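Coordinate inspection notes
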Amino acid sequence: MLIFSIETSCDETSVAIVKAAGKKNPRFEILANIVSSQIKKHKRFGGVVPNLAARLHLENINFCIGEAFKKAKITPGQIDLIAVTRGPGLIPALLIGTQVAKSLSYIWRKPIIGVNHMEGHIYSNWIPIGVNPKQIQNSKLKISKKRDINFPVLNLIVSGGHTMLVLAKDHFKYEVIGETRDDAVGESFDKVARLLGLPYPGGPIIEKLAKNYKGDLIDFPRPMMHSPDYDFSFSGLKTAVLYTVRKAKKIDKEFQKKISASFAEAALDVLVYKAIKATKEFKVKTLTVSGGVSANKKLSEKIKKALKDNGLAIEFLSPDVAMSTDNAAMVAVTGFFRREAGSIDSWKNLKANANLRFQS
Ligand code: KG4
Ligand code: ZN
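First, a word on scope: everything that follows refers to the structure included in this document. Just so it is clear, the model here is predicted, and its values are computed rather than measured.

Strand pairing in a sheet takes place through backbone hydrogen bonds and is either antiparallel or parallel in direction. If you walk across this open sheet you meet the five strands as S8-S7-S6-S9-S10, and the pairing is mixed. Unpaired on one side and paired on the other, strand S8 (173–179) and strand S10 (315–317) mark the two borders of the sheet. Mean inter-strand twist for the sheet, computed between neighbouring axes without regard to direction, equals 20°. The pairing of strand S6 (residues 153–158) with strand S7 (residues 163–170) spans six bridges and is classified as antiparallel. Counted as the bridge partner of Leu 154 is Leu 167 from S7.

Dropping the structure here:
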């Protein structure tokens, strides 16, 4: 089955063509995964500006579609299914991707399926790792291995807009067991970066500065770490960083490193603690992490260590770095599994939904 997919929920315009061989446990081959990032254009505003994102999706999407077909060396007639992100995300941005996908479905006479962006992040873990991110990003890539994933799966989704613990008993049999009550963890990386005068997005630069810091850490609060539920809160941690930054005489490189390392330690500790607690309680067989913050190597290291320290011999998966931030390949893979589960939309009734929730 050949799947053509579009992702425009935030600030990446992405188009992919993915081949799925097999049914229940398929092998995915990414024929093309074109990602046109708008990050540079939003940088000077310190975050993503929704209307600018929509305008840039409009400018770039045709080029991305053309490139995808060129890379994949196939024609639209060969496509079996169109998958498109329909939410959650920025509505002006989502409208571009969904409308283009609907028009193509109408013109090509191909079935279409709307995908939940957060499910997309979960299914990024069904794409095997061990590939060069540059290769996967913008060129034809053959993936011969496949990932066998055993349920129940606990998914820690950590992005710029969400922080969630989602328990899946099977494909699309979800229960959201925890969510952030205020800022998403990626958002808090972005806000702390801004406080330190660092560019957007904050995650990668904070990770780099933290890695190069060797001194003592500031003991920032770990909000809700020991609350009886699985919810998260990051705004208190951000405020604690704000007060420390305000008191500082000058913000030099060493100070930026110290704050980055101390903040990241506190934020990641909370994520790891709650994920491990849920892993134990729900007796999961696989733990996954996904979303932009899963690109953080320290997060994976901490999870692996905590699993070991707790004697939990379960499988832990994190996506390839190129698959952790927004991309259309993960949307295609999700569309495939949704289709296998019997879902289908039509270009007439598929609608973007900025606040789309998980649907079992
Ligand atoms: O999943 P994503 O690309 O977009 C959303 O759906 O939000 O996630 C973007 C977020 C940003 O907040 C960014 O700062 C964060 O992921 N991020 C990271 C890292 N790389 C990206 N956070 C921590 N460490 C990283 N290496
Ligand atoms: Zn995302």
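Before going further, it helps to examine the coordination of the zinc ion (ligand 2). Coordination of the zinc ion (ligand 2) by the protein involves His 117 (NE2), His 121 (NE2) and Asp 326 (OD), with metal-donor separations of 2.0 to 2.1 Å. Here the donor residues for the zinc ion (ligand 2) map to a single chain with the spacing H-x3-H-x204-D. With His 117 in helix H4 (residues 117–123) and Asp 326 in the loop between helix H11 (321–324) and helix H12 (329–340), the pair connects residues that are 209 residues apart, well separated along the chain.

Moving on, we get to the packing of aromatic side chains. Enumeration according to the criterion identifies 17 aromatic pairs in this entry. Geometrically, the ring pair formed by Phe 4 and Trp 108 is edge-to-face, given 5.2 Å between the ring centres and 75° between the ring planes. With Phe 4 in strand S1 (residues 2–7) and Trp 108 in helix H3 (residues 91–108), this residue pair connects regions lying 104 residues apart in the sequence. Between the aromatic rings of Phe 336 and Phe 337, the centroid separation amounts to 5.4 Å while the plane-to-plane angle is 80°, which identifies the pairing as edge-to-face. Judged on exposure class, the residue Phe 336 and its partner Phe 337 are both buried. Following the ring pairs from residue to residue traces out a cluster consisting of Phe 28, Tyr 123, Trp 126, Phe 151, Phe 172, Tyr 174, Phe 336, Phe 337 and Phe 358. The ring of Phe 232 has Lys 274 sitting right over it, with the charged end atom 6.0 Å from the ring centre. Here the guanidinium or amino end of Arg 338 rests over the ring plane of Phe 172, the centre of that ring lying 4.0 Å away.

Rules used in this analysis
Residues numbered from 1 in each chain as written. Chains lettered and ligands numbered in written order. Predicted model: local features only at pLDDT ≥ 70, side-chain atom pairs only at ≥ 80, totals over all residues. Heavy atoms only, no water. Pairing = 2+ DSSP bridges. Helix = DSSP H or I, 4+ residues; strand = E, 2+ residues; numbered from the N terminus. Axes fitted to C-alpha atoms, helices over the stretch in contact; angles between N-to-C directions. Donors = N, O, S within 2.8 Å, 3.2 Å for Na, K, Ca; no water. Phe/Tyr/Trp six-rings, centres within 6.5 Å; stacked < 30°, edge-to-face > 60°. Buried < 20%, exposed > 50% of the residue type's maximum accessible area, 1.4 Å probe, protein only. Lys NZ or Arg CZ within 6 Å of the ring centre and 35° of its normal.

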